[in-house]
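Below are the chains, spelled out letter by letter.
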Amino acid sequence: MRTELNLNADWLFHLGELPQKPREIAKKAYAFGGLTASLPEEKQGRLKVSPGGSNFLKLIAQGNEEIGLRNLCDTDLCSELDDSWERVSLPHDWKVKLPYENDPRNLMSGSKPDGVAYYRKRFAVSRNYEGKKLILHFDGVMRMVDVWLNGAYLGHNNSGYVEFEFDISGLTYFDDEGQNTLLVKCDTSRGSEGWWYEGAGIYKNVFLKILPQVRINEDDLYVYTKELTEKAAVLGLEFSLTNDTAEAREVCVDCSIAGQNENISLKLPAYGTASYKTEVEVGDPKVWTPETPNLYTASLETENDKVEKSFGIRTFKYDKTGFYLNGQAYELHGVCEHQDFAGVGVALNQDILDFKVKTMKAMGINAWRSAHHFASKELLAACDRMGILVINENRLPEATPWRLSDLEKMVKKSRMNASIAFWSLGNEELVGNTKFGSRSIAQLAKVVRKLDKEHLIISAELLSPDGFVDDEYLKNFDILGINYPEAGVMGSGAELIKQSHPDLPMMSTENASYFSTRGVYKDNGDLCQCNNFGSMYSMVLPGKRKPGDPGVGGTARPEEVLAYLDSHKYMGGVFLWTAFDYFGEPSPFGWPGIGSQFGIVDVCGFPKDYYYYYKAHWVKEQAFVHLMPHWNGEGLEIDEDGKTKVMTFTNQASVELFLNGKSLGRKAVQDCCAEWKVEYQAGKLEAKAYDSAGNETAVDIKQTAGETARLATSFLYKGKDYDLVAIQALDANGVEVPLENKEISIAVEDGQVIGLGNGNPADTSDFSLDTIKLFNGKALAIVKKEKEKYKLNVK
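For clarity, every value in this text was computed on a predicted model and none was experimentally measured. (Residues numbered from 1 in each chain as written. Predicted model: local features only at pLDDT ≥ 70, side-chain atom pairs only at ≥ 80, totals over all residues. Heavy atoms only, no water.)

1. Considering empty space enclosed by the protein
Scanning the entire structure with this criterion turns up 8 cavities of 30 Å³ or more. The volume enclosed by the largest cavity comes to roughly 100 Å³. Lining the largest cavity are 14 residues, with Lys21, Pro22, Arg23, Phe32 and Asp76 sitting closest to its centre. Taken together, the residues of the lining of the largest cavity break down into 5 nonpolar, 5 polar and 4 charged. (1 Å grid on protein atoms, 1.4 Å probe; cavity = no way out; pocket = protein on both sides within 12 Å on 5 of 7 lines; lining within 4 Å. Points joined across faces, edges and corners; volume = space filled by probe spheres on them. Nonpolar A, V, L, I, M, F, W, Y, C, P; charged D, E, K, R; others polar.)

Rendered as structure tokens:
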């Protein structure tokens, strides 16, 4: 049977170019030497040389075999490991540790420099695996990558957003032959794929796949929904087997699809592949939806191999009226999201991704756009399980051979994920809606339609205010995706398109981009902080502006976004930019801004106030009320009359506000909101929510806090292998201190801190795993658990 050996542990890492660069073209096989092969101190010969080869090397070098290697092959005999190499485990983002730099060239990408780094690993392979197919697999390396194994150059990969692998069946040492030496070069200096923080290094898993010579091709196993009624579903089934032996084989395949079992016999030619297609009918199907994420299993098993995948039974349709899931109209409440996180950069694990999806799901979202790159397998797994529809997105719509090959690879790897509903072929491309761009897009659309039988193809266009579109370009898509149709700076472009193309399916693919800094209620340009009530800084104009100026507060306020959706249902829903804050794109500020402020939660996952605005619209099952701002006067905007703004977000009918026990009136809720102007007094601010019958259903309280007396810890998320621990400053009465920014120290027993964060979009402090500054009273520790019960000490 197939198996996988995880190679994430015990790597050596070197930042910077090596004194002697490893070569890529060899004069003799496996003779590069240096760090691409074993070193003298590793007590293993550089190269397995036959007696005849040894004699030849000595003949040409006066009896010195090593000099013979150098003279004949230009073998590197000098490179060695020194103290510049450090031990790391994967996933690993080496940019996280670099100091921030005030360099305008890197401002958009997070103010960290690009460069080159190397990873080196030694690993053993059992003789039991000799004769098997051995595949060295990388889930993702940022960015341009070169790989060597045992003194040979394996190859190159361009994109940081694709999986790639090498067949090393003929290059591997087994047991007594010695260990295998793997060298990986990561280079981010040759150009960026994105304009946000992309990280650097081997930021996803690496493993060795051991496959039988007669095997099931995992990426070719494909189950998809062809027809769906309440009583039955007709599924398409496709798979293939490969025979890498010199003899023809007849192989029996035990096939189980959603509990339906069948034995299938396939004849495989020598060194050949055979494919199989059929239909399977499933009675009384349990459909997959975000509300009911029912997953089925598809299993293929032969005498020597087994492959299992999960899938969902569901159908997708989109017309001029909007989106339909399983034949029913369905409104998309989506977010856009990059793939970084506090403390670890882009080196996310399954637990962190589960937390991100769970946090957004609790706000009421049902859709996720992987912006602007292929979704990771960990993200798709979380969305499958928890119930989130996904826009999977191609990084760039260039019809170059390698981009087309990357798209083909990633479509095949993800097409069975229950969560995927859409393929976006690109984002806001300059050549969109041009004849030239149409030729490129046509090639990518052909790849998707050839391989994928279910999902809808969209664009994500930033259109002109006059609503120009090219009809030939539009024919490549099932849906015209439009970014920011609600925004004032976009004018009436989307509505003009609707008028000129009334039958064209149109969809909001990006919305909002609203500035806010968690816990902040007055603008501060020096600190790069934006008022949660609405910033006076602009997307498009410098400095502090006046209300109504273009781009003030961001591209559009949350209220404008949902109002536009309410009056333009045919746009299908919304995809809010973004779920979490992310590093890079520090608009509306420059340095020392190092992170975005578009997130509905901060980069740690601590919710901002408008999280509860969206939740009030989208979550009705549990009554709640959220009260803003905090109630410490020095952090508030108080006018000349001594008054300050107070708002509540709730899914209830009315809210009553109390200050120090005195009612300031009950107000009917409009657009899930009620607000007051309140004369500031220190003390207790309390909001009580009532249902339509007048019953009190929820309460929220903000109290004026004193000086910090202690730090409290709580689990933001308990994962399988990693916990996310929130750290909160409290005063002597246990009240949260909303303005505390002191440095704290952190230590853990029976665990390891792998990342710290605080959500401050202008924190340029040096990287540390034992100290961090609180930001507005909070910080986050990511702990790798060595024992289920560990002790985290903070002070």
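The discussion continues.
2. Considerations on unusual backbone geometry
That bond from Leu90 to Pro91 is cis: its omega, 0°, falls within 30 degrees of zero. With respect to the element layout, Pro91 can be found in the loop between strand S3 (86-88) and strand S4 (116-123). In this chain, Ala371 is followed by His372 through a cis amide linkage whose omega measures -10°. For His372, the position within the fold is in the loop between strand S23 (367-370) and helix H4 (377-386). Unusually for a residue other than glycine, Ser111 sits at a positive phi of about 60°. With respect to the element layout, Ser111 can be found in the loop between S3 and S4. For Asn433, which is not glycine, the phi dihedral falls at a positive 60°. Looking at where Asn433 falls in the secondary structure, it is placed in the loop between strand S25 (420-427) and helix H6 (435-451). (Helix = DSSP H or I, 4+ residues; strand = E, 2+ residues; numbered from the N terminus.)

3. Brief notes about helix H10 (residues 610-618)
Burial analysis of H10 places 7 of its 9 residues in the buried class, which makes it a mostly covered element. Considered for burial, the residues of H10 that qualify are Tyr610, Tyr611, Tyr613, Tyr614, Lys615, Ala616 and Trp618. Along its buried surface, H10 packs onto strand S22 (332-337), helix H3 (350-363), strand S28 (506-512), helix H9 (558-567), strand S29 (573-577) and strand S31 (643-650). (Buried < 20%, exposed > 50% of the residue type's maximum accessible area, 1.4 Å probe, protein only. Contact = heavy atoms within 4.5 Å.)

4. Here we look at the pattern of salt bridges
Counted according to the given criterion, the structure contains 53 salt bridges. Its salt-bridge partner being Asp244, residue Arg215 comes within 2.8 Å of it at the nearest N-O pair. Of the two residues, Arg215 sits in strand S11 (residues 214-216) while Asp244 sits in the loop between strand S13 (232-243) and strand S14 (249-257), which places them 29 residues apart along the sequence. The buried category is assigned to Arg215, whose relative accessible area is 9%. (Salt bridge = Lys/Arg side-chain N within 4 Å of Asp/Glu carboxyl O.)

5. Things to note about the packing of aromatic side chains
Evaluation of the coordinates by the stated rule reveals 34 aromatic pairs. Seen from their ring centres, Phe341 and Phe355 are 6.1 Å apart, and the 75° between their planes marks the pair as edge-to-face. In this pair, Phe341 sits in the loop between S22 and H3 while Phe355 sits in helix H3, placing the two residues 14 residues apart along the sequence. Looking at Phe341, the relative accessible area reads 0%, which means it is buried. Look at Phe355 and you get buried, because its relative accessible area is 3%. Residues Tyr612 and Phe624 carry aromatic rings whose centres are separated by 6.3 Å and whose planes lie at 55° to one another, so their mutual orientation is tilted. Of this pair, Tyr612 sits in helix H10 while Phe624 sits in the loop between H10 and strand S30 (625-628); the two residues are 12 residues apart in sequence, bridging distant segments of the chain. Phe624 sits in the buried class, given a relative accessible area of 11%. Joined through ring pairs, the aromatic side chains of Tyr514, Tyr610, Tyr613, Tyr614, Trp618 and Phe649 make up one cluster. Geometry around Phe624 places Lys615 over its ring, the cationic atom sitting 5.0 Å from the centre. If you follow Lys778 out to its NZ or CZ, it ends over the ring of Phe606, 5.5 Å from the centre. (Phe/Tyr/Trp six-rings, centres within 6.5 Å; stacked < 30°, edge-to-face > 60°. Lys NZ or Arg CZ within 6 Å of the ring centre and 35° of its normal.)

6. With respect to the sheet that holds strand S40 (residues 751-757)
Strand order across the open sheet formed by 4 strands is S37-S38-S42-S40, with antiparallel pairing between neighbours. Lying at the two open borders of the sheet, with one neighbouring strand each, are strand S37 (710-718) and S40. On average, each strand axis in the sheet is inclined to that of its neighbour by 30°, with strand direction left out of account. Pairing of S37 with strand S38 (residues 722-730), which is carried by 8 bridges, proceeds in the antiparallel orientation. Bridge assignment links Ser714 to a residue of S38, and that residue is Ala726. On the sheet, H3 packs against S37, S38 and strand S42 (778-785) and is oriented at approximately 90° with respect to S37. (Pairing = 2+ DSSP bridges. Axes fitted to C-alpha atoms, helices over the stretch in contact; angles between N-to-C directions.)

7. Thoughts on the pairing of strand S27 (residues 480-483)
Because side chains alternate across S27, one face comprises the buried residues Leu480 and Ile482, and the other comprises Gly481 and Asn483, equally buried. For S27 and S28, the ladder comprises 4 bridges, and the chain directions are parallel. For Leu480, the partnering residue across the bridge sits in S28 and is Met506. Where the polypeptide runs from S27 across helix H8 (residues 493-500) and back to S28, its parallel neighbour, the crossover connection is right-handed. (Right-handed = clockwise from strand over helix to strand, strands pointing away.)

8. Points about the nonpolar core
One finds Phe341, Met360, Leu389 and Phe422 to be the most contacted residues of the largest nonpolar core, which totals 128 residues. In this structure Phe422 touches Tyr318, Phe323, Leu332, Val390, Ile391, Asn392, His455, Leu456, Ile458, Ile479 and Met507, once residues within four positions along its chain are discounted. The next biggest cluster of nonpolar side chains, apart from the first, holds 33 residues, and it includes Leu90, Leu134, Leu136 and Leu149. (Core = buried A, V, L, I, M, F, W, Y, C linked by side-chain atoms within 4.5 Å.)

9. Some details on a negative patch on the surface
Together, Glu41, Glu80, Asp82 and Asp83 make up a region of like negative charge exposed at the surface. As for its position among the elements, Asp83 is in the loop between helix H2 (65-73) and S3. Using a relative accessible area of 78% as the deciding quantity, one classes Asp83 as exposed. (Patch = residues over 30% accessible without salt bridge, like charges linked within 9 Å, V, L, I, M, F, W, Y side chains within 5 Å. Areas by Shrake-Rupley, 256 points an atom, 1.4 Å probe, with all protein chains shown as cover. Lys, Arg positive; Asp, Glu negative; His and termini not counted. Charge placed at Lys NZ, Arg CZ, Asp CG, Glu CD.)

10. Thoughts on the layout of surface pockets
Considering only enclosed or pocket space, the largest pocket measures out at about 1100 Å³ in volume. In terms of lining residues, the largest pocket is bounded by 42 residues, among which Glu163, Glu218, Asp219, Lys377 and Lys413 are the most central. Those elements that place two or more of their residues in the lining of the largest pocket are strand S1 (3-6), strand S5 (133-138), strand S10 (206-211), S11, strand S18 (306-311), H4 and helix H5 (401-414). The element that contributes the greatest number of residues to the lining of the largest pocket is H4, accounting for 6 residues. For the lining of the largest pocket, a count of residues per class yields 12 nonpolar, 9 polar and 21 charged. As a volume, the second largest pocket reaches approximately 910 Å³. As for the second largest pocket, its lining consists of 34 residues, and the residues nearest its centre are Pro607, Tyr612, Gln728, Glu736 and Lys778. At the level of elements, H3, H10, strand S36 (696-703), S37 and S38 are the ones that each hand at least two residues to the lining of the second largest pocket. Among the elements that make up the lining of the second largest pocket, the one with the highest residue count is S37 (5 residues). Within the lining of the second largest pocket, the residues separate by chemical class into 16 nonpolar, 10 polar and 8 charged.

11. Focus on the sheet that holds strand S19 (residues 316-319)
Consider a sheet: its strands pair through backbone hydrogen bonds, and that pairing is either parallel or antiparallel. Pairing within the open sheet is antiparallel, and its 3 strands lie in the order S19-S20-S21. The sheet is open, and its two borders are formed by S19 and strand S21 (328-329), each paired with just one other strand. In this structure, S19 lies alongside strand S20 (residues 322-325), joined through 4 bridges in antiparallel fashion. Counterpart to Asp319 in the pairing with S20 is Gly322.

12. Concerning a nonpolar patch on the surface
The grouping of Phe56, Leu59 and Ile60 at the surface amounts to a nonpolar patch, some 290 Å² of accessible area in total. Assignment of secondary structure puts Phe56 in helix H1 (residues 51-59).

13. As for H2
Within the span of H2, buried status applies to Gly68, Leu69 and Cys73. Viewed end-on, H2 has its buried residues packed into an arc of 100°, placing them on one side of the element. Residues of H2 that are buried make contact with H1. For H2, the N-terminal cap is Asn64; the gap from its side-chain oxygen to the backbone nitrogen of Glu66 is 3.0 Å. Residue Asp74 follows H2 closely and has a positive phi angle near 60°. (Arc of directions from axis to C-beta. Polar contact = N/O pair within 3.5 Å; in protein donor to acceptor, adjacent residues only side chain to side chain.)

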